[in-house]
Amino acid sequence: MRALTFEPGSEGTLDVREVPDPRRGQGELLVEGLTVGICGTDRELIGAGYGWPPPGEERMVIGHESLGRVLEAPDGSAFSPGELVAGVVRRPDPVPCGACARGEFDMCRNGGYTERGIKELDGFASERWTVEAGYAVKVERSLESVGALVEPASVVAKAWEQIERIGARSWFEPRTLLVTGAGPIGLLAALLGRQRGLEVHVLDRSGPGLKSSLVEGIGATYHSGSSLAEFAEAKPDLIIECTGAGPLVIDAMTTTAAAGIVCLCGLASGGRSHRVDAGVINRDIVLENDVVFGTVNGNLRHYRDAAAALAKADLAWLERLITRRVPLTRALEAFEPAGHDNVKTVIDLTA
């Protein structure tokens with residue numbers, strides 16, 4: 001069986017290798033891998049930024065944005081051969097912490113979790129893989145061409161859940177959303193905002209092109225630039241920040257309407273300093289009852305919410321998000337730089 005593997009902590013080790021066929025354990029599904037999405041996390045992993053192989057192993061199968069077809073399923077499970085599934089990435093701390101013990105393993109308090117393709121568990125970039133039935137989510141057959149989007153959409157689904165929980169602390173009827181960044185997470189955040197009936201604006205550095213067309217395709221407004229200055233007067237109720245760019249993160253904290261919510265989904269690389277007036281930020285947040293929070297990962301219900309949101313979306317629009325498809329035999333090409341209009345790269349595990 002072929003799989004895309006690498007040696008965590010060592011650059012230049014990514015390649016397609018023959019690995020043993022997976023053996024289905026009790027309560028597990030045996031799955032034919034169809035596609036796996038590539039994101040910034042994967043690029044950091046192969047660049048030796050971080051990553052931990054399974055215990056006793058030097059190499060690990062990469063890939064956490066999965067889509068596969070069930071080949072075998074345990075008796076009495078909710079799954080049947082032929083169904084499409086996505087695998088949940090994170091597993092709870094076995095100790096466990098209080099959050100993991102309650103199924104909120106995306107909010108693990110002590111870092112004892114494991115993650116497929118990232119931390120101590122093989123990922124999904126292989127021709128076949130197994131997954132516990134309790135960590136698999138059904139994906140509608142109509143989404144076969146775009147099902148690898150379920151994992152990034154789960155991150156967005158969690159963000160929206162948290163926004164709505166925070167908003168419920170008082171009267172909450174947001175009208176406007178600003179999304180900064182028109183990558184996969186940003187575009188999916190905008191999609192879920194439009195599904196909620198909001199007026200959505202998306203800010204990205206790219207000029208007119210695919211990204212602006214995608215934004216306009218869901219009835220949102222595209223803004224080309226790298227500053228929030230144009231939103232200083234007509235302040236949005238919500239901001240979902242997906243770039244991790246320091247200046248945008250800082251400006252977002254003082255650009256919402258009163259009782260506004262800023263959700264930070266982007267991840268900064270660090271090492272850069274920015275001059276800020278902390279007093280202004282403090283005053284704005286306190287006097288307007290604003291909230292700024294960060295979010296990452298998702299648990300089982302977020303994957304289910306994501307699959308449901310994608311099923312409601314226009315399939316042709318979702319297919320345009322996937323701008324590059326690379327066969328497994330040429331998988332390394334998926335990590336090469338692409339044009340500014342590239343949105344999402346997936347690897348076809350059947351080719």
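Located above this text is the structure these notes cover.
Being a predicted model, the structure only gives us computed values, none of them experimental.

Draft legend 1. A look at the overall build of the chain. The secondary structure content of the chain amounts to 9 helices and 19 strands. Here the C-alpha atoms of the chain give a radius of gyration of 20 Å, agreeing with the 20 Å that 2.2 N^0.38 yields for 351 residues. Taken over the C-alpha atoms alone, the chain extends approximately 60 × 45 × 40 Å along its principal axes. Relative to its 351 residues, the chain shows a buried fraction of 52%. Intrachain contacts of the chain at a sequence separation of at least 6 include 69% that bridge at least 24 residues.

Draft legend 2. Looking closely at the packing of aromatic side chains. A full pass over the atoms with the stated rule returns 3 aromatic pairs. Between Tyr50 and Trp52, the aromatic rings sit 6.2 Å apart at their centres with planes inclined by 40°, giving tilted as the arrangement. Residue classification places Tyr50 among the partly exposed positions, given a relative accessible area of 27%. Note on Phe124 and Trp129: the rings are 4.6 Å apart at their centroids and 65° apart in plane angle, and the pair reads as edge-to-face.

Draft legend 3. Looking closely at the state of the cysteines. Applying the stated criterion across every chain yields a total of 0 disulfides. Looking at Cys100, it has no disulfide partner, and the nearest cysteine sulfur is the one in Cys97, 3.6 Å off. We note that Cys242 lacks a disulfide partner, and the nearest cysteine sulfur, in Cys265, lies 4.8 Å from it. Note on Cys242: relative accessible area 18%, which makes it buried.

Draft legend 4. Fine view of the sheet that holds strand β2 (residues 15-18). Taken in spatial order, the 3 strands line up as β2-β1-β4 in an open sheet, and their pairing is antiparallel. The open sheet has two edge strands with one neighbour each: β2 and β4 (60-61). The pairing of strand β1 (residues 2-6) with β4 spans 2 bridges and is antiparallel. Residue Phe6 lies in a different strand from β4, and its bridge partner there is Met60.

Draft legend 5. Spotlight on the pattern of salt bridges. Under the defined criterion, the tally for this structure stands at 17 salt bridges. Glu72 is the partner of Arg24 in a salt bridge, and the nearest nitrogen-oxygen pair spans 3.2 Å. Of the two residues, Arg24 sits in the loop between β2 and β3 (28-38) while Glu72 sits in strand β5 (residues 65-72), which places them 48 residues apart along the sequence. Classification of Arg24 as partly exposed rests on a relative accessible area of 35%. Residue class for Glu72 comes out partly exposed when judged on its relative accessible area of 38%. By sharing partners, the salt bridges in this structure join Glu104, Glu161, Arg165 and Arg301 into a single network.

Draft legend 6. Here's a closer look at helix α3 (residues 150-167). Helix length check: α3, at 18 residues, gives a terminal C-alpha distance of 25 Å against a target of 26 Å (1.5 Å per residue), a fit within 8%. Of all 18 residues in α3, 16 are buried, a share of seventy percent or more.

Draft legend 7. Inspection of the nonpolar core at higher detail. One finds Leu4, Leu29, Trp160, Ile240, Leu318, Leu321 and Ile347 to be the most contacted residues of the largest nonpolar core, which totals 96 residues. The biggest single contributor to this core is α3, with 7 residues. Other than its neighbours up to four places away in sequence, Leu4 contacts Leu14, Asp15, Val16, Met60, Val61, Ile62, Ala125, Leu328, Ala331, Leu332, Phe335 and Ile347. Leu228, Phe231, Met253 and Ile281 belong to the second largest nonpolar core, which has 12 residues in total.

Draft legend 8. Broad picture of the environment of Arg128. For Arg128, the position within the fold is in strand β10 (residues 128-132). Taking the C-alpha atoms as reference points, Arg128 and Arg24, 104 residues apart in sequence, are found 10 Å from one another. Not counting residues up to four positions away in its chain, the partners in contact with Arg128 are Met1, Pro22, Leu30, Val31, Glu32, Gly33 and Leu71.

Draft legend 9. Examining the sheet that holds strand β14 (residues 221-224) more closely. Here we have 6 strands laid out as an open sheet, ordered β14-β13-β12-β15-β16-β17, and parallel in their pairing. Here the strands that pair on one side only, and so sit at the sheet edges, are β14 and β17 (291-294). Across the sheet, the mean angle separating the axes of adjacent strands is 15° when strand polarity is ignored. Those strands touched by helix α4 (residues 184-195) are β12 (176-180), β13 (199-204) and β15 (238-241), and its axis lies near 170° from that of β12.

Draft legend 10. The arrangement of the pairing of β13 in detail. With respect to burial, β13 is a largely interior element, 5 of its 6 residues being buried. In the classification by handedness, the crossover that spans β12, the intervening α4 and the parallel β13 is right-handed. Across 4 bridges, β13 lies against β14 in parallel orientation. Within β14, the residue paired with His201 across the bridge is Thr221. A crossover links β13 with its parallel partner β14, the connecting element being helix α5 (residues 210-217), and its sense is right-handed.

The rules we used
Residues numbered from 1 in each chain as written. Predicted model: local features only at pLDDT ≥ 70, side-chain atom pairs only at ≥ 80, totals over all residues. Heavy atoms only, no water. Helix = DSSP H or I, 4+ residues; strand = E, 2+ residues; numbered from the N terminus. Rg over C-alpha atoms; globule rule 2.2 N^0.38 Å. Buried < 20%, exposed > 50% of the residue type's maximum accessible area, 1.4 Å probe, protein only. Contact = heavy atoms within 4.5 Å. Phe/Tyr/Trp six-rings, centres within 6.5 Å; stacked < 30°, edge-to-face > 60°. Disulfide = S-S within 2.5 Å. Pairing = 2+ DSSP bridges. Salt bridge = Lys/Arg side-chain N within 4 Å of Asp/Glu carboxyl O. Expected span 1.5 Å × (residues − 1). Core = buried A, V, L, I, M, F, W, Y, C linked by side-chain atoms within 4.5 Å. Axes fitted to C-alpha atoms, helices over the stretch in contact; angles between N-to-C directions. Right-handed = clockwise from strand over helix to strand, strands pointing away.

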